[in-house]
Amino acid sequence: MPTPSMEDYIEQIYMLIEDKGYARVSDIAENLQVHPSSVTKMVQKLDRDQYLNYEKYRGLILTPKGKKVGKRLVYRHELLEQFLEIIGVDHENIYDDVEGIEHHLSWNSIDRIGDLVQYFDEQPKRVDALREIQKKNEEQNDQG
């Protein structure tokens, strides 16, 4: 299994390739806010671990293994964003919160969160009921 740092790179590479058709070291560095030399070192490691094929000055492509992991990582990120939105986390906090928790949850937890998101998506009235509970609890907290 890739480390959390490796996951960040694989996820970013996967998204760049999906969006632009390619991923350059400079794009990865910019998106992850790291130095290009750090990207080069990690890309070489990901190449050794068979998540991608990298040729200096020619670019990189994800292997089938890298694509599979990348797709799953993007799914996890998007699912956690949906979950935090459903439970009423302020929009300005969602991205940072997802970045903080995504590497610390088991895939079993991710799957259960997926079930919960599906539960709310299937009947939007359930989200409305949750908002009523949250509103009631906020009012009680304000009075307490």
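Even after reading the chapter, I still don't get the packing of helix H4 (residues 64-86) against helix H6 (residues 107-122), so can you show me in this structure?
The axes of two packed helices give the description: the angle between them and the distance between them. The geometry of H4 relative to H6 is characterised by a closest axis approach of 10 Å and an angle of 50° between their N-to-C directions. Between H4 and H6, the angle falls in the class oblique. Where H4 crosses over H6, the handedness of that crossing is left-handed. In contact with Arg 72, Leu 73, Tyr 75, Arg 76, Leu 79, Leu 80, Gln 82, Phe 83 and Ile 86 of H4, H6 contributes Trp 107, Ile 110, Asp 111, Ile 113, Gly 114, Leu 116, Val 117, Phe 120 and Asp 121.

What is the right way to look at the nonpolar core in this model?
Proteins that are soluble and globular tend to have nonpolar side chains buried together. The biggest cluster of nonpolar side chains holds 22 residues, and the ones touching the most others in it are Ile 13, Ile 28, Val 39, Leu 46, Leu 52 and Leu 60. Put simply, the parts of the chain that give this core at least two residues each are helix H1 (4-20), helix H2 (25-32), helix H3 (36-48), strand E1 (52-55), strand E2 (59-62) and H4. When residues of this core are assigned to their parent elements, the largest contribution, 6 residues, is made by H1. Beyond its immediate stretch of four places on either side in the chain, Ile 28 contacts Tyr 9, Ile 13, Leu 16, Ala 23, Val 39 and Leu 60. Formed by 13 residues, the second largest nonpolar core is a distinct cluster that contains Leu 79, Ile 86, Val 98 and Val 127.

Please explain a negative patch on the surface as it appears in this structure.
Taken together, the side chains of Asp 128, Glu 132, Glu 138, Glu 139 and Asp 142 present a region of like negative charge at the surface. Its place among the elements puts Glu 139 in helix H7 (residues 125-143).

Hey, could you run me through the pairing of E2 in this one?
Here is the key point about a regular strand: its side chains alternate between the two faces of the sheet. The alternating pattern of E2 places Leu 60 and Leu 62 on a buried face and Gly 59 and Ile 61 on a face that is not buried. Sheet topology note: the E1/E2 ladder contains 4 bridges and is antiparallel. Bridge assignment links Leu 52 to a residue of E2, and that residue is Leu 62. Linking two consecutive strands that pair antiparallel, namely E1 and E2, is a turn of 3 residues; a positive phi of about 70° is found at Tyr 57 within it.

Help me understand the side chain of Asp 27, please; the structure alone is not making it clear to me.
Mapped onto the fold, Asp 27 is located in helix H2. Given a relative accessible area of 8%, Asp 27 falls into the buried group. Contact partners of Asp 27, with chain neighbours within four places excluded, come to Leu 16, Lys 20 and Tyr 22.

Quick question: what am I supposed to make of the side chain of Glu 102 here?
Relative to the assigned elements, Glu 102 resides in the loop between helix H5 (91-101) and H6. Judged by relative accessible area, Glu 102 falls into the buried class, the value being 0%. Here the side chain of Glu 102 touches His 77 through a polar contact of 3.1 Å, side chain to side chain. Excluding residues that lie within four positions of it along the chain, Glu 102 makes contacts with Asp 8, Glu 11, Arg 76, His 77 and Leu 80.

How should the layout of surface pockets be read in this particular structure?
Leftover empty space is mapped by rolling, across the atoms, a probe with the size of a water molecule. A volume near 300 Å³ is recorded for the largest pocket. Around the largest pocket sit 14 residues that line it, and Gln 12, Asn 31, Leu 32, Tyr 95 and Glu 99 are the ones nearest its centre. Going through the elements one at a time, H1, H2, H4 and H5 are the ones with two or more residues in the lining of the largest pocket. No other element matches the 5 residues that H1 contributes to the lining of the largest pocket. Taken together, the residues of the lining of the largest pocket break down into 6 nonpolar, 4 polar and 4 charged.

Basis of the calculations
Residues numbered from 1 in each chain as written. Predicted model: local features only at pLDDT ≥ 70, side-chain atom pairs only at ≥ 80, totals over all residues. Heavy atoms only, no water. Axes fitted to C-alpha atoms, helices over the stretch in contact; angles between N-to-C directions. Helix = DSSP H or I, 4+ residues; strand = E, 2+ residues; numbered from the N terminus. Parallel < 35°, antiparallel > 145°, perpendicular 65-115°, else oblique. Left-handed = near helix turned anticlockwise from the far one by under 90°. Contact = heavy atoms within 4.5 Å. Core = buried A, V, L, I, M, F, W, Y, C linked by side-chain atoms within 4.5 Å. Buried < 20%, exposed > 50% of the residue type's maximum accessible area, 1.4 Å probe, protein only. Patch = residues over 30% accessible without salt bridge, like charges linked within 9 Å, V, L, I, M, F, W, Y side chains within 5 Å. Areas by Shrake-Rupley, 256 points an atom, 1.4 Å probe, with all protein chains shown as cover. Salt bridge = Lys/Arg side-chain N within 4 Å of Asp/Glu carboxyl O. Lys, Arg positive; Asp, Glu negative; His and termini not counted. Charge placed at Lys NZ, Arg CZ, Asp CG, Glu CD. Pairing = 2+ DSSP bridges. Polar contact = N/O pair within 3.5 Å; in protein donor to acceptor, adjacent residues only side chain to side chain. 1 Å grid on protein atoms, 1.4 Å probe; cavity = no way out; pocket = protein on both sides within 12 Å on 5 of 7 lines; lining within 4 Å. Points joined across faces, edges and corners; volume = space filled by probe spheres on them. Nonpolar A, V, L, I, M, F, W, Y, C, P; charged D, E, K, R; others polar.

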